[in-house]
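Coordinate analysis (summary)
Residue-level listing of the chains:
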Amino acid sequence: MKEKLISQAIRVLEDNFQEGGFTIPCKGLYPFQWKWDSGFIAIGQAYYDASKAKQEIATLLDAQWDNGFIPHIVFHNESDTYFPGADVHRSDLSPVASKKYKSTGMTQPPVTGFVLEEMYRIADDKEDMFAFIKTQIDKVYDNHNYFYKNRDVNDEGLVFIYHNWESGTDNSPIWDDIWTTMNPPEYTFERRDTTHVDASQRPSKREYDHYLYIIEIAKENNYNDAKIAELSPFLVIDPLFNAMLIKSNQALINLYIRIGGNEDKIAQLKKWQAKSIEGFNSKLWDDKLGAYVHYDLRKDAPISFVTSSSFAPLYANIPSQERADALVHTMMTKFGGEDKYLCASFDPESDRFDPKKYWRGPVWINMNWILFYGLKNYGYTDIANRVKEDSIELIEKYGFYEYFNCKKGTENAGYGGGDFSWSAALLIDLLN
Ligand code: 9YW
């Protein structure tokens, strides 16, 4: 069973690999290179083809902007199966954008630091992988420097996202109350996602109006971060995004120590790290919910809902053991019933929960992967193994889907894109 699943997963990744040296998340639906997808994909590739894993990261980092920013989509190739494409995002409006590649002007969770460390852990030829890491690591450091310099508006070690697409959890109910503060025009455009996937599993047209409206504001300001911080109606501290940054800070520290020298960078990373962990624990912990939550910088108020992002801090060793115990208790009470697969992306007890609709409830394999390692960090081996077994069972039963219904016994519980790259890549890691 294990060997068969691994070879199927490799086939998915190989089929989605492109000539330019990168892997698309899903044929038709997502035909370009996505930032955090590439990170997860490289972890899977490292098991069977280290040179592909290296290319995946090198092609992503090759699109870095002059200020250290790494975009969420790199348009290495042409395709008309996705909206909004390069002509909408117009990265050329920014004076610091890559001159080599068109891209978006927004980013995604900063996973690349810990991905480099994972690639080193997995590689058979450690010397070769280490040589590669040495050629790339400063780009990732510059990316962290970009975040702390431009996105930590309150100087509290926590960086903002200005668009829901930056969170990676696009249509989460977390954003619903932000949409009610905006009144974007009714844009005319041709959606492409709903030609690939049933519309009931995707965001609404009105949600897309909001998504496009924020991009228009960023474009009017040439993707200038200070202007965006001032003007974007969407400005949020996201616990998943910041946990990924903190995990990656630690990975960079570990790798630089292994490389030797680099004392200034190590000292700077340690400073960022201490401040971020402290800021995270004081600003994002909601005692009543027993969970980490998002924070709306526009309203200057927490967004009090529990999502799978609430548990991501376990992966970055952010909570104390006591707080981790409270967090896992919340997770098991709300998300962990025997009738459910772990881990729904949104609180199943909430009336905003929808088990079929994208980030409003379904289980995602990348989040499960983060939780598996996070739970292990705090000694929750049994629950970690349940997350792992649930992930394997979902894929075995339904296929390499983008997301899944958490309710056990559902017919055709795999939703969104099929033969989805990160589901395949991370399954390879979970099975090893
Ligand atoms: C979109 C590629 C991306 C992921 C995101 C996910 C989805 C794209 O797909 O967004 O156009 O809706 O939400 O996390 O990186 O797999």
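About the thresholds
Residues numbered from 1 in each chain as written. Predicted model: local features only at pLDDT ≥ 70, side-chain atom pairs only at ≥ 80, totals over all residues. Heavy atoms only, no water. Helix = DSSP H or I, 4+ residues; strand = E, 2+ residues; numbered from the N terminus. Rg over C-alpha atoms; globule rule 2.2 N^0.38 Å. Areas by Shrake-Rupley, 256 points an atom, 1.4 Å probe, with all protein chains shown as cover. Lys, Arg positive; Asp, Glu negative; His and termini not counted. Charge placed at Lys NZ, Arg CZ, Asp CG, Glu CD. Near = heavy atom within 4 Å. Polar contact = N/O pair within 3.5 Å; in protein donor to acceptor, adjacent residues only side chain to side chain. Nonpolar A, V, L, I, M, F, W, Y, C, P; charged D, E, K, R; others polar. Contact = heavy atoms within 4.5 Å. Axes fitted to C-alpha atoms, helices over the stretch in contact; angles between N-to-C directions. Parallel < 35°, antiparallel > 145°, perpendicular 65-115°, else oblique. Left-handed = near helix turned anticlockwise from the far one by under 90°. Phe/Tyr/Trp six-rings, centres within 6.5 Å; stacked < 30°, edge-to-face > 60°. Buried < 20%, exposed > 50% of the residue type's maximum accessible area, 1.4 Å probe, protein only. Pairing = 2+ DSSP bridges. Salt bridge = Lys/Arg side-chain N within 4 Å of Asp/Glu carboxyl O. Expected span 1.5 Å × (residues − 1). Arc of directions from axis to C-beta.

Right, let's talk about the overall build of the protein chain for a bit. Helix and strand counts for the protein chain come out as 17 helices and 13 strands. The C-alpha atoms of the protein chain give a radius of gyration of 20 Å, which matches the 22 Å a tight globule of 432 residues would have. Considering only C-alpha atoms, the protein chain reaches an extent of 55 × 50 × 45 Å along its principal axes. For the protein chain, the exposed surface amounts to about 15,800 Å²; the carbon and sulfur share of it is 45%. Charge separation in the protein chain, taken as the distance between the mean sites of 47 positive and 63 negative side-chain charges, equals 1 Å.

This brings us to the site of the ligand. In the vicinity of the ligand lie 15 residues, with Asp-37, Tyr-82, Gly-168, Asp-170 and Tyr-358 positioned nearest. Separating an oxygen atom of the ligand from a side-chain N or O atom of Arg-202 is a distance of 3.2 Å. For the ligand, the protein covers 99% of the area, taking 390 Å² as the surface of the free molecule. The residue inventory of the shell around the ligand, partitioned by class, reads 10 nonpolar, 2 polar and 3 charged.

Looking at the element boundaries, His-72 is found in the loop between helix 3 (50-61) and strand 4 (73-75). A polar side-chain atom of His-72 sits 2.9 Å from a polar atom in the side chain of Thr-104. For His-72, the contacting residues outside a window of four places in its chain are Gln-33, Trp-34, Lys-35, Thr-104, Met-106, Thr-107, Gln-108 and Trp-165.

This part is about the packing of helix 6 (residues 126-150) against helix 12 (residues 239-259). Two elements in contact, helix 6 and helix 12, have axes separated by 10 Å at closest approach and are oriented at 135 degrees. The angle between the axes of helix 6 and helix 12 places the two elements in the oblique class. As for how helix 6 packs across helix 12, the hand of that crossing is left-handed. Across from Phe-130, Ile-133, Lys-134, Ile-137, Asp-138, Val-140, Tyr-141, His-144, Phe-147 and Tyr-148 in helix 6, the residues of helix 12 making contact are Phe-241, Leu-245, Ser-248, Asn-249, Leu-252, Leu-255, Tyr-256, Arg-258 and Ile-259. Residues belonging to the contact of helix 6 with helix 12 are distributed by class as follows: 13 nonpolar, 3 polar and 3 charged.

A separate point is the packing of aromatic side chains. The final tally for this structure, using the stated rule, is 45 aromatic pairs. Consider the rings of Phe-40 and Trp-369, whose centres lie 6.0 Å apart with planes at 70 degrees: the pair is edge-to-face. Residue Phe-40 is found in helix 2 (residues 35-48), and its partner Trp-369 is found in helix 15 (residues 365-377); the two are separated by 329 residues along the sequence. The same class applies to Phe-40 and to Trp-369, which are both buried.

Take the sheet that holds strand 6 (residues 160-161) next. A sheet is described by the order of its strands in space; here 4 strands give the open sequence 6-7-10-11, paired in antiparallel fashion. Each edge of the open sheet carries a strand with a single partner, namely strand 6 and strand 11 (301-303). Relative to strand 11, strand 10 (residues 294-296) runs antiparallel, the two sharing 3 bridges. The residue bridging Asp-296 from the neighbouring strand is Ala-301, located in strand 11.

The next thing to look at is the pattern of salt bridges. Scanning the entire structure with this criterion turns up 28 salt bridges. Across the pair Arg-360 and Asp-176 runs a salt bridge, and its minimum N-O distance is 2.7 Å. Placement of the pair is Arg-360 in the loop between helix 14 (321-335) and helix 15 and Asp-176 in helix 8 (residues 176-179), with a sequence separation of 184 residues. Taking the shortest distance from any N to any O, the salt bridge between Arg-206 and Asp-209 comes out at 2.8 Å. Separated by 3 residues within a single helix, Arg-206 and Asp-209 lie in helix 10 (residues 205-220), roughly one turn from each other. Of the residues examined, Arg-206 reaches a relative accessible area of 27% and is grouped as partly exposed. When its relative accessible area of 0% is taken as the criterion, Asp-209 is described as buried.

The strand order across the open sheet built from 3 strands is 3-4-5, with neighbouring strands paired in antiparallel fashion. Strands with a single pairing partner mark the edges of an open sheet, and in this sheet they are strand 3 (33-34) and strand 5 (102-103). In terms of strand pairing, strand 4 meets strand 5 through 2 bridges, oriented antiparallel. Of the residues in strand 5, the one forming a bridge with Phe-75 is Lys-102.

Time to look at the packing of helix 5 (residues 112-122) against helix 12. Running from N to C, helix 5 and helix 12 point in directions that differ by 50 degrees, and their axes come no closer than 6 Å. In terms of axis orientation, helix 5 runs oblique to helix 12. Handedness of the crossing formed by helix 5 with helix 12: left-handed. Between helix 5, through Thr-112, Gly-113, Phe-114, Leu-116, Glu-117 and Tyr-120, and helix 12, the contact on the second element is made entirely by Met-244, Lys-247, Ser-248, Ala-251, Leu-252, Asn-254, Leu-255 and Arg-258.

Counted at 1.5 Å a residue, the expected span for helix 14 with its 15 residues is 21 Å, and the 20 Å between its end C-alpha atoms agrees. Along helix 14, the residues classified as buried are Ala-324, Leu-327, Val-328, Thr-330, Met-331, Lys-334 and Phe-335. Down the axis, helix 14 shows its buried residues gathered within 155 degrees of arc, on one side only. Every exposed residue of helix 14 that faces more than 90 degrees away from the buried side is listed here: Glu-322 and His-329. Among the structural elements, strand 8 (285-286), strand 9 (291-292), helix 15 and helix 16 (381-398) are those in contact with the buried residues of helix 14.

Here we take up unusual backbone geometry. For residues that are not glycine, phi is negative in most cases, and the peptide bond is trans in most cases. Put simply, Phe-83 and Pro-84 share a cis peptide bond, and its omega is 0 degrees. Its location among the elements puts Pro-84 in the loop between strand 4 and helix 4 (86-89). A cis geometry characterises the amide bond from Leu-342 onward to Cys-343, with omega recorded as -5 degrees. For Cys-343, the location among the structural elements is in the loop between helix 14 and helix 15. At Asp-155, a position not held by glycine, the phi torsion is positive, near 50 degrees. Within the element layout of this structure, Asp-155 appears in the loop between helix 6 and strand 6. We classify Asp-155 as exposed; its relative accessible area is 54%. Positive phi outside glycine occurs at Asp-419, with the angle close to 45 degrees.

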